Amino acid sequence: MEGFLKLSTLVIVCMLVSAPMASEAAISCGAVASNLGQCISYLTRGGFVPRGCCSGVQRLHSMARTTRDRQQACRCIQGAARALGSRLNPGRAARLPGACRVRISYPISARTNCNNIR
């Protein structure tokens, strides 16, 4: 029981110490990939936009609260787009936020300068 109490205390202390750092952290590319994973078939083959894709787009949009978050999400999206290469349809990528009823202030494009996103 005493060991469990020490472990619990250590976990709580770690959470308190890391909480300020976590709130300043930018979105990870893993989070971007997991939220947009269900969009790949639409972005590469077309058809309808899956409901799970739009849920991920909306979730990612709500996660990107700060300029740093939005810039990082942009970089992650561009990295994923490069990985898809010629299989990615740029027009469908550009239309995806609107198709999912999400308004963003910058275009989804390989030419978007992520550093200019606010």
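Relevant structure appears above.
To start, this report covers the structure provided alongside it. Remember, predicted model here, so these are calculated numbers, not experimental data. (Residues numbered from 1 in each chain as written. Predicted model: local features only at pLDDT ≥ 70, side-chain atom pairs only at ≥ 80, totals over all residues. Heavy atoms only, no water.)

**Examining the packing of aromatic side chains**
Tallied over the entire structure, the rule returns zero aromatic pairs. Here Arg-92 stacks its cationic end above the ring of Tyr-42, 6.0 Å away from the centre of that ring. (Phe/Tyr/Trp six-rings, centres within 6.5 Å; stacked < 30°, edge-to-face > 60°. Lys NZ or Arg CZ within 6 Å of the ring centre and 35° of its normal.)

**Some words on the environment of Ala-31**
Assignment of secondary structure puts Ala-31 in helix α2 (residues 29-36). For the pair Ala-31 and Leu-60, spaced 29 residues apart in sequence, the C-alpha to C-alpha distance is 8.0 Å. (Helix = DSSP H or I, 4+ residues; strand = E, 2+ residues; numbered from the N terminus.)

**Thoughts on the side chain of Thr-112**
Topologically, Thr-112 is positioned in the segment after α6 (90-99). For Thr-112, a relative accessible area of 13% puts it in the buried group. Among the polar contacts listed, one links the side chain of Thr-112 to the backbone oxygen of Pro-107, at a separation of 2.7 Å. Look past the residues within four positions of Thr-112 in its chain and what remains in contact with it is Cys-74, Gln-78, Tyr-106, Pro-107 and Ile-117. (Buried < 20%, exposed > 50% of the residue type's maximum accessible area, 1.4 Å probe, protein only. Polar contact = N/O pair within 3.5 Å; in protein donor to acceptor, adjacent residues only side chain to side chain. Contact = heavy atoms within 4.5 Å.)

**Here's the deal with the nonpolar core**
Among the nonpolar cores identified, the biggest contains 20 residues, and Val-32, Cys-39, Leu-43, Val-57 and Leu-96 are the most heavily contacted of them. Take this core: its biggest share by element is four residues, from helix α4 (residues 51-63). With sequence-adjacent residues up to four places away left out, Leu-43 is seen in contact with Arg-87, Leu-88, Asn-89, Arg-92, Ala-93 and Leu-96. (Core = buried A, V, L, I, M, F, W, Y, C linked by side-chain atoms within 4.5 Å.)

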